[in-house]
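Coordinates in review
For reference, the chains in residue letters:
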Amino acid sequence: MHKINSENVSAVLQMCAQAKNIVITGHRSPDGDAVGSTLALSHYLRAKGFENTVILPDDYPTFLHWMKGNEEVQIFDANTDKGEALIAQADLVFTLDYNDLSRTGNMADSLRNSEATMVMIDHHQQPSDYAEVTFSDTTSCSTAQMVYEFIEAAGDVSMIDSEMAECIYCGIMTDSGSFRFSSVEAKTHRIAAQLIENGLDHSKVHMAVYDTNLLDRLKLVGYALSEKLEVMEDLAVAIISLSKEELDKHHYRAGDTEGLVNQALSIDGVQCAVFIREGNNKVKMSFRSKGNFDVNEFARAHFNGGGHKNAAGGAVSAASIEEVLEQFKTAIKGYSSQLELK
Ligand SMILES: [Mn+2]
């Protein structure tokens, strides 16, 4: 494990100076932090004179397409040959916002086979030991905040222009529930203040991410809340599930159900919420909790997943959504002593 300090950061910048091909990667189903942190680092390294390519495993919602550099992001699933070649040629790979290579979906094998030096910058629990340099801070609200700290440790805060600042701010904002979660520190607000001093238009970022709903999406959210939200009997657990048929009916697009699980969690007294969505060949799950119930442990133990204590994901292949719903209800009842409805 490495601290983000001037010594370690200058060692990494030295590696960049020696590298011929630098690749920056993020996790599957990229979110605001994955896209924001990888693009922010990309812009920073480029400003330092280090050419690089951002590769993400699959496409991400259109409400994240506005960031500078979006057009140059290589989507691995959209052009696997090119993605494989870029990773094979890379001699330095940054792995951002994930703690294990398996989080990169179809890209994972290319990364496992790569002989490149790897540098991790991430805030998820229990990081795997694959990188030569592991910047892991599980108390940090976002990887984007860590990228800021990386730039700061290099003494380069003045190099952050408004577009770089937008990427960093987008990552911090989306991963912290707009500066709401307990992972937000005084430092997080100080960083936001500095970004504004460097020219950030913060309301532009909020509008681009949160005020771009399509009618279909709002109707899907309305349907999910009015018809599909349930609180389990005697348990502080709320559930929303959506089948493929229900999603298709509302012309579902990636990102449309973002945040739905947080609305289930917002019910007074509820301590744990799950959103279950039927995909093409697997059923995906998002878990959230308030307080002490650890959804990272729960997702790891029961649903091939993990994440953070209060926010985690999981997935089940080769099962119907009804089966997964029943599996969830059975599993969560095992924790009923921790999840009493008060
Ligand atoms: Mn993150």
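Within each chain, residue numbers correspond to sequence positions counted from 1 in written order. Since the coordinates come from a predicted model, pLDDT governs what is reported: local features require at least 70, and pairs of side-chain atoms require 80 or more to be given and counted, while whole-chain, interface and lining totals use all residues. The side-chain figures draw on all heavy atoms in the structure; neither hydrogens nor water molecules are used.

Here we look at the overall build of the protein chain
Numbering of helices and strands starts at the N terminus; helices are DSSP runs of H or I of at least 4 residues and strands are runs of E of at least 2. Along the protein chain, the regular secondary structure elements total 13 helices and twelve strands. Expected size for 342 residues packed as a compact globule is a radius of gyration near 20 Å; at 20 Å, the protein chain falls within 12% of this value. Each residue is placed in one exposure class: buried if its accessible area under a 1.4 Å probe, protein chains only, is under 20% of its type's maximum, exposed if it is over 50%, and partly exposed if it falls in between. Here the protein chain holds 342 residues, and 51% of them are scored as buried. Taking the intrachain contacts of the protein chain between residues at least 6 apart in sequence as the baseline, contacts between residues at least 24 apart amount to 66%. Using a 1.4 Å probe, accessible areas were evaluated by the Shrake-Rupley method; residue-level cover was limited to the displayed protein chains. Element-wise, carbon and sulfur atoms account for 45% of the exposed surface of the protein chain, whose accessible area totals about 15,400 Å². Placing the 29 positive and 49 negative side-chain charges of the protein chain at their respective mean positions leaves the two points 2 Å apart. Atoms considered for the radius of gyration are the C-alpha atoms alone. The globule rule reads 2.2 Å times the number of residues to the power 0.38. By the convention used here, residues are in contact when the closest approach between their heavy atoms is within 4.5 Å. Charge counting treats Lys and Arg as positive and Asp and Glu as negative, with His and both chain ends excluded. Charge positions are represented by NZ for Lys, CZ for Arg, CG for Asp and CD for Glu.

Observations concerning the nonpolar core
Here, nonpolar core refers to any group of buried Ala, Val, Leu, Ile, Met, Phe, Trp, Tyr and Cys residues whose side-chain atoms link them within 4.5 Å. Leu41, Leu45, Phe94, Phe135, Phe150, Ile168 and Leu195 are the most contacted members of the largest nonpolar core, which has 54 residues in total. Looking at which element gives the most residues to this core, the answer is helix α6 (residues 162-175), with eight residues. Among residues more than four places away in sequence, those in contact with Leu41 are Ile24, Phe94, Leu96, Ile121, Val147 and Phe150. Residues Met232, Phe298, Ala331 and Leu339 belong to the second largest nonpolar core, which totals 25 residues.

Digging into the coordination of the manganese ion
Each metal's donors comprise the N, O and S atoms found within 2.8 Å of it (within 3.2 Å for Na, K or Ca). Water is not part of the atom list, so some coordination spheres may appear incomplete. At the metal site, the manganese ion is ligated by Asp33 (OD), Asp97 (OD), His123 (NE2) and Asp175 (OD), and these contacts range over 2.1 to 2.3 Å. Along the chain, the residues donating to the manganese ion fall in the pattern D-x63-D-x25-H-x51-D. Of this pair, Asp97 sits in the loop between β4 (92-96) and α4 (108-113) while His123 sits in the loop between β5 (117-122) and β6 (133-136), placing them 26 residues apart in sequence. For Asp97, a relative accessible area of 1% puts it in the buried group.

Some details on the packing of helix α5 (residues 143-153) against helix α7 (residues 186-197)
Here an axis means a line fitted to C-alpha atoms, over the contact stretch when the element is a helix, while the angle between two N-to-C directions is reported on a 0 to 180 degree scale. Running from N to C, α5 and α7 cross one another at 65 degrees; their axes reach a closest spacing of 11 Å. Relative to α7, α5 is oriented roughly perpendicular. For the pair α5 and α7, the sense of crossing is left-handed. Between α5 and α7, the residues in contact are Gln145, Tyr148 and Glu149 and Lys187, Thr188, Ile191, Gln194 and Leu195, respectively. Orientation categories follow fixed angle ranges, with anything under 35 degrees roughly parallel, anything over 145 roughly antiparallel, 65 to 115 roughly perpendicular, and all other angles oblique. In this scheme the handedness of a crossing depends on how the near helix is turned from the far one: anticlockwise by less than a right angle means left-handed, clockwise means right-handed.

So, the domain arrangement of the protein chain
Partitioning the protein chain into structural domains gives domain 1 (6-210) and domain 2 (218-333). What counts as a domain boundary in this text is fixed by an automatic or database domain assignment. One C-alpha centre belongs to domain 1, the other to domain 2, and the line joining them spans 27 Å. Counting from both sides, the interface comprises ten residues of domain 1 and, opposite them, twelve residues of domain 2. Summing both sides of the interface, domain 1 and domain 2 together bury roughly 890 Å²; the carbon and sulfur share of this comes to 41%. The largest share of the area that domain 1 buries against domain 2 comes from Arg103, Gln125 and Gln126, three residues that together contribute 37% of it. The rule for a salt bridge is simple: a side-chain nitrogen of Lys or Arg has to be within 4 Å of a carboxyl oxygen of Asp or Glu. Counting across the interface, domain 1 meets domain 2 through zero salt bridges. N or O atoms closer than or at 3.5 Å make up a polar contact, with two conditions inside protein: a donor-capable atom paired with an acceptor-capable one, and, for residues adjacent in sequence, both atoms drawn from side chains. Inspection of the domain 1/domain 2 interface yields four residue pairs in polar contact (both at pLDDT 80 or more). Split into classes, the residues belonging to the side of domain 1 that touches domain 2 amount to two nonpolar, seven polar and one charged. When two parts are put together, the accessible area they lose, computed with a 1.4 Å probe and summed over both, is reported as buried area. Polarity classes work like this: nonpolar for Ala, Val, Leu, Ile, Met, Phe, Trp, Tyr, Cys and Pro, charged for Asp, Glu, Lys and Arg, and polar for all others, with Gly in that last group.

Digging into the pairing of β5
For β5, the buried fraction is high: five of the six residues fall into the buried class. Both β4 and β5 contribute to a ladder of five bridges, which runs parallel. The partner of Leu92 across the bridge, within β5, is Thr117. When the strands point away from the viewer, a crossover counts as right-handed if the route from the first strand across the helix to the second turns clockwise. Between the parallel pair β4 and β5, the chain is carried across by α4, and the sense of this crossover is right-handed. Any two strands with at least two DSSP-identified bridges between them are counted as paired. Sheet topology places β5 next to β6; four bridges connect them, and they run parallel. The partner of Val119 across the bridge, within β6, is Val133.

Topic: helix α3 (residues 80-89)
Among all positions in α3, only Gly83, Leu86 and Ile87 are buried. The arc enclosing the buried residues of α3, seen along the axis, measures out at 95 degrees, which places them on a common side. Exposed residues pointing more than 90 degrees away from the buried face of α3 are listed as Asp81, Ala88 and Gln89. What the arc describes is the spread of directions from the helix axis to the C-beta atoms.

Structural notes on the sheet that holds β4
Read across the sheet, six strands follow the order β3-β2-β1-β4-β5-β6 without closing on themselves; strand pairing throughout is parallel. Edge strands, defined here as strands with exactly one partner in the open sheet, are β3 (74-75) and β6. Here strand β1 (residues 22-25) runs beside β4; their pairing, made up of four bridges, is parallel. Bridge pairing in β4 links Ile22 to Leu92. Contacting β1, β2 (53-56) and β3, α3 runs over the sheet at an angle of about 125 degrees to β2. Running at roughly 115 degrees to β5, α5 makes contact with β4, β5 and β6 of the sheet.

A short note on the sheet that holds strand β12 (residues 311-317)
Read across the sheet, six strands follow the order β7-β8-β9-β10-β12-β11 without closing on themselves; strand pairing throughout is mixed. Either end of the sheet is taken by a strand with one partner, and the two such strands are β7 (229-231) and β11 (306-307). Pairing geometry for β7 and strand β8 (residues 237-242), over three bridges, is antiparallel. By the bridge assignment for β8, Val231 is matched with Ala238.

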